[in-house]
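As a plain string of letters, each chain reads:
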Amino acid sequence: MKLYNLFPRLCGPFEAWTPHLERAADLGFDWVFVNPIQKRGRSDSLYSIADYFAISRDFLRPGSRTPHKRQVRAMIAEAEHLGMRVMIDLVINHCAIDAKLVRDHPEWFVREGQQVANAACVEADGTRVVWEDLAQFDWHHTSDREGLFGYCREVVEHLIALGFRGFRCDAAYQVPAAVWHRLIEHVHRDHPEVVFVAETLGCSPEQTRETAAAGFDAIFNSGKWWDLASPWLLEQYDATRTLVPSIGFPESHDTARLYAESGGNPHALEQRYLFAALFSGGVLMPIGYEFGFAQPLDVVTTRPADWEATNLDLGNFIRHVNAVKDAHPVFQGEGPVRIIPLDNPAVLLLHKRTEDGAGEALIVLNKDVEQRQWLRIDDLYRHLEHPAPLRDRSFQWAMDYLPTPFEFELGPGMARVLVTGD
């Protein structure tokens, strides 16, 4: 799965989405992921949903008499015409605090004393974050779990009827794994093509493994925060890769823009996109990454006027990486990954293979996005488990012949991608 995150607030009404959909398809993405488009509560946050069955006016054609459902379906039909399926956020861990649902079904919500509890989470540093605009569904102790489950099932069926073929399940670990397993099983009986992807960021390793085993088609991994050296990412990856595929990302709508974090360094963007795409079975890229946007996407304040004028276009690079991913099974799924030590600690050498060993790859990455680094490997083929001819699929300066020893001066953030097979 190669997902392009089309952020609705930045793109405006559905009728203005066509150029963005065309660009995503041209870059080689096969999925478009959109954040919530439903009617919002008074905080105006995309994730503060007040009515799961109504569409926000912000995304509808002004003054149009065309039914809302038809406008959504037209957008999805355009994406499918371009060869992409459309995924939407599924937010069933909370809703807007001022939603009619809170008044009609108070038994569905966590309570603190006489009040409905706000949604909250605990950050990695132990800080508790509370969202006062959100009401937390009480999946663990509600007296009417069947009613709550039935309502959420109706929401999913409604979105499928609109044409959505995938769901990014927001804060999936906050909903019991048994609920997800039942919901996914129910949907797959009637809609086997629909996929469910779990957002598990911020949860413990135990929660991640429990969620991964709940029937999801994929989960998001934490590669965005890896320092390209520490063992923790490969340990996390090994703990879940046999349960469910993972999706990597260089940044998301929840993070700062990498272009701003890197001080405006395009090499950092190329390095991190290539790593996310080739390390994981799937990859997600938010809108604007290809142009080096620096302003974060905000679920409340972002507007189409925030579109940035830049002089950067990474389209050719992203297109190439996506094509390499499509061409080689070793990059399309999960399999054993290991770090091979090198004399130069500023260079990363990863070995990845398919589970059956039929395909292998060596990914060389200059960790340094500011300086060139020298690479020397005495014998590339010594690091393969089943020696076979290697093909250089690198974006820059791909070599027809790979000498022994293999030596190369890597530009800042540059990668070499070497793959067995055609």
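Residues numbered from 1 in each chain as written. Predicted model: local features only at pLDDT ≥ 70, side-chain atom pairs only at ≥ 80, totals over all residues. Heavy atoms only, no water.

Asks: Is there a simple way to explain unusual backbone geometry in this structure?
Replies: Both trends apply: most residues other than glycine have a negative phi, and most peptide bonds are in trans. Here the bond from Thr404 into Pro405 is cis, since omega is -5°, no more than 30 degrees from zero. Relative to the assigned elements, Pro405 resides in the loop between strand E20 (390–392) and strand E21 (406–410). The phi angle at Asp44 is positive, at roughly 70°, despite the residue not being glycine. Turning to its location among the elements, Asp44 is positioned in the loop between strand E3 (38–40) and strand E4 (49–55). Among the residues examined, Asp44 registers a relative accessible area of 23% and is labelled partly exposed. In the Ramachandran plot, Trp397 falls in the positive-phi region, its phi being about 55° despite a non-glycine side chain. Relative to the assigned elements, Trp397 resides in the loop between E20 and E21. (Helix = DSSP H or I, 4+ residues; strand = E, 2+ residues; numbered from the N terminus. Buried < 20%, exposed > 50% of the residue type's maximum accessible area, 1.4 Å probe, protein only.)

Asks: I keep staring at the nonpolar core and nothing clicks. Help me out?
Replies: Side chains of a nonpolar character, in soluble globular proteins, are inclined to be buried together. In this structure, Leu90, Phe164, Phe167, Trp180 and Phe196 are the most contacted members of the largest nonpolar core, which totals 120 residues. Of all the elements, helix H5 (residues 145–162) adds the most residues to this core, at nine residues. Those residues in contact with Trp180 that lie beyond four places of it in its chain are Leu90, Ile92, Cys169, Ala172, Val175, Ala214 and Phe216. Membership of the second largest hydrophobic core comes to 16 residues, among which are Leu375, Leu384, Leu402 and Phe408. (Core = buried A, V, L, I, M, F, W, Y, C linked by side-chain atoms within 4.5 Å. Contact = heavy atoms within 4.5 Å.)

Asks: Just checking my understanding: could you explain the packing of aromatic side chains for this structure?
Replies: For any two aromatic rings, the description comes down to two numbers: the centre-to-centre distance and the angle of the planes. Using the criterion set out here, one finds 20 aromatic pairs in the structure. Between the aromatic rings of Phe293 and Trp307, the centroid separation amounts to 4.8 Å while the plane-to-plane angle is 85°, which identifies the pairing as edge-to-face. Of this pair, Phe293 sits in the loop between strand E15 (282–286) and helix H11 (315–327) while Trp307 is found in the loop between E15 and H11, placing the two residues 14 residues apart along the sequence. Put simply, the rings of Tyr52, Phe53, Trp108 and Tyr151 touch in pairs and so form one group of aromatic residues. Sitting over the face of the ring of Phe149, Arg182 holds its NZ or CZ atom 4.0 Å from the ring centroid. Positioned over the ring face of Phe408 is Arg416, at 4.2 Å from the centre of the ring. (Phe/Tyr/Trp six-rings, centres within 6.5 Å; stacked < 30°, edge-to-face > 60°. Lys NZ or Arg CZ within 6 Å of the ring centre and 35° of its normal.)

Asks: I keep staring at the environment of Ile97 and nothing clicks. Help me out?
Replies: As for its position among the elements, Ile97 is in the loop between strand E6 (94–96) and helix H4 (100–104). A C-alpha to C-alpha distance of 7.6 Å links Ile97 and Glu132, two positions 35 residues apart in sequence. Residues in contact with Ile97, not counting those within four places in the same chain, are Arg42, Val102, Val116, Asn118, Glu132, Asp133, Leu134 and Ala135.

Asks: Quick question: what am I supposed to make of the pairing of strand E17 (residues 347–353) here?
Replies: The two faces of the sheet receive side chains in turn, since in a regular strand these alternate between them. With seven of its seven residues buried, E17 lies for the most part within the structure. By the alternation rule, side chains of E17 split into Val347, Leu349, His351 and Arg353 and Leu348, Leu350 and Lys352, which are all buried. Pairing of strand E16 (residues 337–339) with E17, which is carried by three bridges, proceeds in the antiparallel orientation. The partner of Ile339 across the bridge, within E17, is Leu350. Where E17 lies against strand E18 (residues 360–366), seven bridges are found, and the strand directions are antiparallel. Across the sheet, residue Lys352 finds its bridge partner in E18, namely Ala361. Between E17 and the antiparallel strand that follows it, E18, lie six residues; Gly357 among them carries a positive phi value of about 75°. (Pairing = 2+ DSSP bridges.)

Asks: Is there a simple way to think about the sheet that holds E17 in this case?
Replies: Adjacent strands of a sheet form backbone hydrogen bonds with each other and so pair up, either parallel or antiparallel. Strand order in the open sheet formed by five strands is E16-E17-E18-E22-E20, and the pairing between neighbours is antiparallel. Of all the strands in the sheet, just E16 and E20 have a single pairing partner and so form its edges. Averaged over neighbouring strand pairs, the angle between their axes works out to 20° when direction is ignored. As defined by bridge partners, E20 adjoins strand E22 (residues 415–420) across three bridges and the pair is classed as antiparallel. Bridge pairing links Arg391 to Val419 in E22. (Axes fitted to C-alpha atoms, helices over the stretch in contact; angles between N-to-C directions.)

Asks: Hey, could you run me through the environment of Gly359 in this one?
Replies: Position of Gly359 relative to the elements: it lies in the loop between E17 and E18. Overall, Gly359 belongs to the buried group, its relative accessible area being 14%. Each C-alpha atom of the pair Gly359 and Glu385 lies 9.9 Å from the other, and the pair is 26 residues apart in sequence. With residues near it in sequence (within four places) discarded, Gly359 still touches Val330, Lys352, Arg353, Thr354 and Thr420.

Asks: Please explain the packing of helix H2 (residues 18–26) against helix H3 (residues 68–81) as it appears in this structure.
Replies: Geometry of a packed helix pair, given as the angle between the helix axes and the separation of the axes. Look at H2 against H3: their axes get within 9 Å of each other, and the N-to-C directions meet at 25°. Here H2 is positioned roughly parallel relative to H3, judged by the angle of their axes. As H2 packs across H3, the resulting crossing turns out to be right-handed. Together, Thr18, Leu21 and Glu22 of H2 and Met75, Glu78 and Ala79 of H3 make up the contact between the two elements. Looking at the contact of H2 with H3, its residues break down into three nonpolar, one polar and two charged. (Parallel < 35°, antiparallel > 145°, perpendicular 65-115°, else oblique. Left-handed = near helix turned anticlockwise from the far one by under 90°. Nonpolar A, V, L, I, M, F, W, Y, C, P; charged D, E, K, R; others polar.)

Asks: How do you make sense of the packing of H3 against H5 when you look at a structure like this?
Replies: As a packed pair, H3 and H5 sit with axes 9 Å apart at the nearest point and diverge in direction by 60°. Taken together, the axes of H3 and H5 lie oblique to each other. Here H3 contributes Lys69, Val72, Arg73 and Ile76 to the contact with H5, which in turn contributes His158, Ala161 and Leu162. Of the residues contributing to the contact of H3 with H5, the split by class is four nonpolar, one polar and two charged.

Asks: Explanation requested: the pairing of strand E5 (residues 85–90) in the structure shown.
Replies: Here E5 lies mainly inside the structure; five of its six residues are buried. For strand E2 (residues 31–34) and E5, the ladder comprises four bridges, and the chain directions are parallel. Looking at E5, one finds that Trp31 is bridged to Arg85. The pairing of E5 with strand E11 (residues 166–169) spans four bridges and is classified as parallel. Across the sheet, the residue bridging to Leu90 is Cys169, located in E11.

Any functional reading would require information that these geometric values do not contain.
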